[in-house]
Amino acid sequence: MRLTVLSGGVGGARFTRGLLALLADRGEPADVTVVANTGDDMWLHGVRVCPDLDTLMYTLGGAVHEEQGWGRRDETSRVSADLAAYGVGWEWFTLGDLDLATHLARTQWLREGLTLSEATARLSARWGLAGQGVRLLPMSDQPVETHVDVGAGEPIHFEEWWVRHRASVPARGFVQVGLAAATAAPGVLESIAAADVVVLPPSNPVVSVGTILAVPGIRDALAITPAAVVGVSPIIGGAPVRGMAAECLAAIGVEATAEAVARHYGRRGAGGVLDAWLVDDADADAAAALARDGWATAATDTLMRDVPATARIAAEALSLVAR
Ligand code: GDP
Ligand code: CA
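Residues numbered from 1 in each chain as written. Chains lettered and ligands numbered in written order. Predicted model: local features only at pLDDT ≥ 70, side-chain atom pairs only at ≥ 80, totals over all residues. Heavy atoms only, no water.

In the nomenclature of an unreviewed UniProt entry, the protein chain is known as 2-phospho-L-lactate transferase of Cellulomonas hominis.

Structure (structure tokens):
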């Protein structure tokens, strides 16, 4: 079975790890393409930082800081502390020392003329992704940066809104700088066209999956692929499990409920991208309402407590579109 996952950082990475565990349990060889959001990327201290790509790489490579969900475990932040002593950079954004090595390597390769896809492949090789049957791709090789319209002044970088302000400044909307000129990275459209199943994991529907879907060509590829497309709700009982997805949804006028997010994505054939939607038991009503409108849905415990629990969620998602 060929699978393509359109992923943000922590939610998408944890889901993908569970999906790989499921395939391993079943003795099925994994053939998984993960397309990562790169709208959170930025230049900081002269290096290119790609938060969602790195969260995926560290999580699938067994190096992630488990409780935090992102960054390296056994991490230190001596370099960041010293940069702060010079008064440079964003004191509210800590780059770990080991993490910095990733950004330095990537930046060196980018400066040598490699594309982001090529640099990502080189970084991923160290973490054994190919050996697990995983191909990690950025959504685009062109820089696309999500900026947030906060009303006063110029829009600010997404990371400034998210990390510095903890999304407490109301967002009026999001602007993806560079998007119009961006194209899907090599292999992205092909992987959607050739997949048996495309999965929208429980990632932020606005600034993770929404950004990927906005890359020219990706939404169209989903509309016409013979693959089934299934999503897992990141909203449980009217709130995101972690992070500030509710603030992102509010900015685009979508309620933070499992049903509203499904309707926002929409059904294929009716201008949307999904065939099926898995919600939490707490949202069984949403599943029932969507089912009355012809959606393939089910409710289950969707809290990704650990890898076995997440593998079970992945199994439920795949069973919704099993033919
Ligand atoms: P980010 O880029 O690091 O913000 O990560 P993603 O966009 O991939 O995922 C963030 C989303 O994951 C948030 O909206 C959370 O609600 C959702 N999420 C995190 N943990 C869980 C979980 O255990 N279960 C479900 N259903 N959603 C989760
Ligand atoms: Ca992210």
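Following the structure, the description resumes.
A. Summary view of the overall build of the protein chain. Assigned secondary structure in the protein chain consists of 13 helices and 14 strands. Its C-alpha radius of gyration of 19 Å places the protein chain within 12% of the 20 Å reference for a compact globule of 323 residues. Principal-axis analysis of the C-alpha atoms gives the protein chain an extent of 60 × 45 × 35 Å. Of all 323 residues assigned to the protein chain, the portion counted as buried reaches 55%. Within the protein chain, residue pairs in contact and separated by at least 24 positions form 71% of the contacts whose partners lie at least 6 positions apart. (Helix = DSSP H or I, 4+ residues; strand = E, 2+ residues; numbered from the N terminus. Rg over C-alpha atoms; globule rule 2.2 N^0.38 Å. Buried < 20%, exposed > 50% of the residue type's maximum accessible area, 1.4 Å probe, protein only. Contact = heavy atoms within 4.5 Å.)

B. Region of the structure containing the domain arrangement of the protein chain. The domains assigned to the protein chain are domain 1 (2-143 + 186-320) and domain 2 (145-177). Relative to domain 2, the C-alpha centre of domain 1 lies at a distance of 20 Å. Across the boundary between the two partners, domain 1 contributes 22 residues, which contact 18 residues of domain 2. Where domain 1 abuts domain 2, roughly 1,600 Å² becomes buried across the two surfaces, and 66% of that area is made up of carbon and sulfur atoms. Contact with domain 2 buries area across many residues of domain 1, yet Trp92, Met244 and Ala251 alone supply 37% of it, more than any other trio. Between domain 1 and domain 2 we count 1 salt bridge in total. Between Glu145 and Arg48 there is a salt bridge, with the nearest N and O atoms lying 3.0 Å from each other. Put simply, the parts of the chain that give the side of domain 1 that touches domain 2 at least two residues each are β3 (42-44) and α10 (245-251). (Domains from an automatic or database assignment. Buried area = accessible area lost by both parts, 1.4 Å probe. Salt bridge = Lys/Arg side-chain N within 4 Å of Asp/Glu carboxyl O.)

C. Broad picture of the packing of helix α11 (residues 258-265) against helix α12 (residues 284-292). Running from amino to carboxyl end, α11 crosses α12 at an angle of 35 degrees, the nearest separation of the two axes being 8 Å. Along its contact with α11, which presents Ala258, Glu259, Ala262 and Arg263, the element α12 presents Ala286, Ala289 and Leu290. Here the residues of the contact of α11 with α12 sort into 5 nonpolar, no polar and 2 charged. (Axes fitted to C-alpha atoms, helices over the stretch in contact; angles between N-to-C directions. Nonpolar A, V, L, I, M, F, W, Y, C, P; charged D, E, K, R; others polar.)

D. Looking closely at the site of ligand 1. Looking at ligand 1, there are 20 residues lining it, with Pro202, Ser203, Ser208, Pro234 and Met304 nearest. Here an oxygen atom of ligand 1 and a side-chain polar atom of Asp52 are 3.2 Å apart. For ligand 1, the accessible surface in isolation is 600 Å², of which the surrounding protein chains cover 91%. Class assignment for the residues of the shell around ligand 1 results in 9 nonpolar, 9 polar and 2 charged. (Near = heavy atom within 4 Å. Polar contact = N/O pair within 3.5 Å; in protein donor to acceptor, adjacent residues only side chain to side chain. Areas by Shrake-Rupley, 256 points an atom, 1.4 Å probe, with all protein chains shown as cover.)

E. Fine view of the packing of aromatic side chains. Counted according to the given criterion, the structure contains 9 aromatic pairs. Judged by centre distance (4.5 Å) and plane angle (20 degrees), the rings of Trp90 and Trp92 are stacked. Assessed through its relative accessible area of 24%, Trp90 is described here as partly exposed. Centre to centre, the rings of Trp90 and Phe93 are 6.5 Å apart; their planes meet at 75 degrees, and the pair counts as edge-to-face. On the basis of relative accessibility, which here comes to 12%, the residue Phe93 falls in the buried class. Taken together, the ring pairs connect Phe158, Trp161, Trp162 and Phe174 into an aromatic cluster. Here the guanidinium or amino end of Arg72 rests over the ring plane of Tyr58, the centre of that ring lying 5.6 Å away. (Phe/Tyr/Trp six-rings, centres within 6.5 Å; stacked < 30°, edge-to-face > 60°. Lys NZ or Arg CZ within 6 Å of the ring centre and 35° of its normal.)

F. Representation of the sheet that holds strand β2 (residues 31-36). With parallel pairing, 7 strands are arranged side by side in an open sheet as β5-β2-β1-β9-β10-β13-β14. Here the strands that pair on one side only, and so sit at the sheet edges, are β5 (134-138) and β14 (296-300). The sheet shows a mean angle of 20 degrees between the axes of neighbouring strands, taken without regard to direction. Of the strand pairs in this sheet, strand β9 (residues 197-200) and strand β10 (residues 228-232) are connected by 4 bridges, and their pairing is parallel. Bridging across to β10, Val197 finds its partner in Ala228. (Pairing = 2+ DSSP bridges.)

G. Spotlight on the coordination of the calcium ion (ligand 2). Distances from the calcium ion (ligand 2) to its protein donors, namely Asp40 (OD), Asp52 (OD) and Asp52 (OD), fall within the range 2.1 to 2.7 Å. Of this pair, Asp40 sits in the loop between β2 and β3 while Asp52 sits in helix α2 (residues 51-60), placing them 12 residues apart in sequence. The two residues Asp40 and Asp52 agree in class, both being buried. (Donors = N, O, S within 2.8 Å, 3.2 Å for Na, K, Ca; no water.)

H. Inspection of helix α1 (residues 10-26) at higher detail. Between the first and last C-alpha of α1 there are 25 Å, a value that for 17 residues agrees with the 24 Å anticipated at 1.5 Å per step. For α1, the tally of buried residues reaches 14 of 17 residues, placing the bulk of the element in the interior. Where α1 terminates, the next one or two residues include Gly27, which has phi positive at roughly 70 degrees. (Expected span 1.5 Å × (residues − 1).)

I. Highlighting the packing of α2 against helix α4 (residues 97-111). Here α2 crosses α4 at 120 degrees, and the two axes come no closer than 12 Å. In terms of their interaxial angle, α2 and α4 are classed as oblique. Considering the relative orientation of α2 and α4, their crossing is right-handed. Each of Asp54, Met57 and Tyr58 in α2 lies in contact with α4, whose residues at this interface are Asp99, Thr102, His103 and Arg106. (Parallel < 35°, antiparallel > 145°, perpendicular 65-115°, else oblique. Left-handed = near helix turned anticlockwise from the far one by under 90°.)

J. Layout of the sheet that holds strand β7 (residues 156-157). Pairing within the open sheet is antiparallel, and its 3 strands lie in the order β7-β6-β8. Each edge of the open sheet carries a strand with a single partner, namely β7 and β8 (173-177).

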